[in-house]
Amino acid sequence: MLKSKTFLKKTRAGGVMKIVREHYLRDDIGCGASGCAVCDGAHEGPVLELQPLDRASSLCPQPHYLLPDTNVLLHQVHFNVWRPGTWASVASCLRPSGSLETYVEQLQGENSNDRNDRAIRVAAKWYNEHLKNMSAENRLQVIFITNDRKNKEKAIEEGIPAFTCEEYIKSLTANPELIDRLACLSEEGNEIESGKTIFSEHLPLSKLQQGIKSGTYLQGTFRASRENYLEATVWVHSDDEDNKEILLQGLKNLNRAIHEDIVAVELLPKHQWVAPSSVVLQDEGQNEDDIEKEEERECILKTAVNEKMLKPTGRVVGIIKRNWRPYCGMLSKSDIKESRRHLFTPADKRIPRIRIETRQASTLEGRRIIVAVDGWPRNSRYPNGHFVKNLGEVGDKETETEVLLLEHDVPHQAFSQAVLSFLPKMPWSITEKDMKNREDLRHLCVCSVDPPGCTDIDDALHCRELENGNLEVGVHIADVSHFIRPGNALDQESARRGTTVYLCEKRIDMVPELLSSNLCSLRSNVDRLAFSCIWEMTHNAEILKTRFTKSVINSKASLTYAEAQMRIDSAAMNDNITTSLRGLNKLAKILKKGRIEKGALTLSSPEVRFHMDSETHDPIDLQTKELRETNSMVEEFMLLANISVAKKIHEEFSEHALLRKHPAPPPSNYEILVKAAKSKNLEIKTDTAKALADSLDQADSPIFPYLNTLLRILATRCMMQAVYFCSGMDNDFHHYGLASPIYTHFTSPIRRYADIIVHRLLAVAIGADCTYPELTDKHKLADLCKNLNFRHKMAQYAQRASVAFHTQLFFKSKGIVSEEAYILFVRKNAIVVLIPKYGLEGTVFFEEKDKPNPRLIYDDEIPSLKIEDTVFHVFDKVKVKIMLDSSNLQHQKIRMSLVEPQIPGISVSADTSNMDINEPERKKKKLQK
């Protein structure tokens, strides 16, 4: 049966368009219940489980299906009571819209929400009538679940068994713990009894939009401070450079905004502007009603400052979009015995504590859990939330890895069957079809050079002399785009993940292992599909010709950096692979010299490598990574390939090329570097990248050889983040760090989705593949770049968190050690030091709780910190004691104390026998025994 609806729509040009919408109704759609004899054989799509919900319910003793309404599904998605297949709504989503028996038309004067509610009630009533046809032993009913009072009343009037979500969950006598997972129904729900109003009311969205349009309010992203829970900034979404960032101070001005929310702020008058606070404040209070104490703490923030230090200051007047997510952390159990109300402390210090109600506090104590936020009433010091999931014991490696992946939003679930279905069938081999538009380069002496244990080999190289005396150099990159075709589930999942994430003990692949470690990996002595960038060069590394081709290669060796270096250095080895490597190394040195002369920066950052115990997988050694000539050799040719490909795809697709840029840092970023160098009588020029590079090259001290490395580490901290962008959406292509006018990523398609897009662009440019609409849509490409930049940033943070956790494990087993360190930064009450032996950075605090404070004099201009009679400058050498501080289970950390120079009352003894920072941990274990 066909139903149609006609309506008129006004076009932008002012004309009128007639639109006809047709609705086809069927009488052969099955109910979806496996045990239904009437519909047997008529089921399409998902079929409901043969065994319905049979939980012990005091309200619904007989077997039943649940039909939750839309809002219940939206707000209670964390419930494990909703088993897939037991939702009658799976079928009812089809039945109201597509079935002749349950189709519901919108009545005159009826809104869409009321029509949808009526449609679900009609479906529930139809199910209960229809399922009466089942045999007595299989008979079941459909229970309608809604939190809408009117909807429930109407359902009961119509003879439909209906309950609120809370009523039903409380009726499950066998599963009382499920009530903990019940979300609050509204922002104002579950308020603190007789609590006084703390926060001002958020303005409605209509008023906020009106105020933003008129300029009364500013819209931006709320960014909470890690160091001070009473301070935040709002990054304004505007082209006005003068008001890019608004400072917020004090609980009432933060007004219930949570990190990453999109908010509307009102700028305060200039006489109320304040300066960013230098005070570190953590929310450690358990009494959530003690607002007077909060106001006392806020007074500490306001100190006398120079007028130049004042920042535009504002207050949150409304929330435009909540960007809440499930948060990992730990339960802070209430001191009140038998209390069901407790505070949850998130692992991310930028997220406020969350008030939850649970009967499982004793079970959840000392565990990492997930909590979701439901709302934040005006009379509550903290937001309300509910328990979602128990992840495991704090400190457990698997649990902590799961936490850091969740907290950094790293997609790490197993690849779905839909994704895996697009993988090649095994055994796989290269066919004649694969060879179309592809060169056979299996005769070349190609080899790969990678870190030890690498299985996802993206790149391989070759170098040989041509008959004309010139050199042919090739970079061969895994042809991942051959296996991942645009738009399918495998492509969509790779785009969503964006990048492979390398943790200390595991790798979260962007693409399934069959591709990453097998078919795409350029392993030795197997034929592999590649995308090759080949240059003809002189012996002085001048490029005469560049060409790109899809190819087939057969790598002759998979070498580590150390193995490749050994071949180059060994006078006894003169085989083809070694000769190729020597040619590549010689050219790489010339290329690097040329880049540096143009102003490319050679920066530094301490990278660490863990040596794991083969049985326990605990870190047993920690050392900085050793860089060899071969590291630089591979890097030079990857950079050259990326630059060559960037030029090519931009020539062919001036509006649609995916490129990578590195913005020049603002001059203010360099202040700390310039001051630090000046304190050692050195001058660092920062006018251009070339001036900076030359200054760093000349900044040497014969009596302090490590000084240059420290300066380069500090220079790295001054840099901006490199980002992907679409060439048609930007004018500035320059890569500051590489001193290159154009750059992209082509050389790592197994682990970066950006490279797959670049491969597709390049393949179209050389006629080796066809294009598709999304590839030449600059707006879609810009959206893709936004996700790739986010995923890349989160992967970096996750990797750092993994290193930090494994460093904690290392020092937990090693105990307390004393090591030499260098000062990187001086603060008002601390020094930040770097320990070269471990590549480890940490903070030595000079003000501690419950201890007399020393006399501290901080000079921002030098910069320096005077403690009693000892003055500390940046790059000074000190000796520190390193230990794991387990006194706070939620935030275990590496703690450092000063050993040398000796300052009475401040410095500690080099002897480690009398110190035990892990006493709380030891007491806990003793109690458990």
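Coordinates for the structure precede this section.
A few points on the structure.

Calculation rules
Residues numbered from 1 in each chain as written. Predicted model: local features only at pLDDT ≥ 70, side-chain atom pairs only at ≥ 80, totals over all residues. Heavy atoms only, no water. Pairing = 2+ DSSP bridges. Helix = DSSP H or I, 4+ residues; strand = E, 2+ residues; numbered from the N terminus. Axes fitted to C-alpha atoms, helices over the stretch in contact; angles between N-to-C directions. Contact = heavy atoms within 4.5 Å. Phe/Tyr/Trp six-rings, centres within 6.5 Å; stacked < 30°, edge-to-face > 60°. Buried < 20%, exposed > 50% of the residue type's maximum accessible area, 1.4 Å probe, protein only. Lys NZ or Arg CZ within 6 Å of the ring centre and 35° of its normal. Salt bridge = Lys/Arg side-chain N within 4 Å of Asp/Glu carboxyl O.

So, on to the sheet that holds strand E31 (residues 840-845). The 5 strands are arranged E31-E30-E29-E35-E36 in an open sheet whose pairing can be described as antiparallel. Sheet topology places E31 and strand E36 (893-900) at the edges, where each strand pairs with a single neighbour. Pairs of neighbouring strands in the sheet enclose a mean axial angle of 45°, with direction left out of account. Sheet analysis places strand E29 (residues 817-826) next to strand E30 (residues 830-835), joined by 4 bridges and oriented antiparallel. Within E30, the position partnered with Tyr-822 by the bridge is Leu-834. Against the sheet, helix H22 (residues 778-814) makes contact with E29, E31, strand E35 (877-885) and E36, and its axis sits at roughly 60° relative to E36, the strand it touches most.

Turning our eyes to something else, we now look at the packing of aromatic side chains. Per the stated rule, a full pass over the model turns up 11 aromatic pairs. On the basis of an interplanar angle of 50° and a centroid distance of 5.4 Å, the ring pair of Phe-725 and Phe-733 is categorised as tilted. Residue class for Phe-725 comes out buried when judged on its relative accessible area of 6%. Aromatic ring contacts, followed pair by pair, group Phe-704, Tyr-706 and Tyr-822 into a single cluster. The positively charged end of Arg-497 is found above the aromatic ring belonging to Phe-415, 3.9 Å away from the centroid. Between Lys-661 and the ring centre of Phe-725, over which it is positioned, the NZ or CZ distance is 5.6 Å.

On to the pattern of salt bridges, then. The full count for this structure, using the stated rule, is 44 salt bridges. Two residues, Asp-348 and Arg-350, come together in a salt bridge whose shortest N-O distance is 3.0 Å. By relative accessible area, which is 22% here, Arg-350 ends up partly exposed. Linking Lys-680 and Asp-876 is a salt bridge whose minimum nitrogen-to-oxygen distance equals 3.0 Å. Placement of the pair is Lys-680 in the loop between helix H18 (671-678) and helix H19 (689-698) and Asp-876 in the loop between strand E34 (870-873) and E35, with a sequence separation of 196 residues. In this structure Lys-680 comes out as partly exposed when scored by relative accessible area, which is 26%. The buried category is assigned to Asp-876, whose relative accessible area is 17%. Sharing partners across several salt bridges, the network here consists of Arg-325, Asp-348, Arg-350 and Glu-407.

Ordered in space as E32-E33-E34, the 3 strands form an open sheet in which the pairing is antiparallel. Each edge of the open sheet is held by one strand with a lone partner, namely strand E32 (856-859) and E34. Strand-to-strand twist in this sheet, taken as the mean axis angle between neighbours without regard to direction, amounts to 15°. As defined by bridge partners, E32 adjoins strand E33 (residues 864-867) across 4 bridges and the pair is classed as antiparallel. Residue Tyr-858 lies in a different strand from E33, and its bridge partner there is Leu-865.

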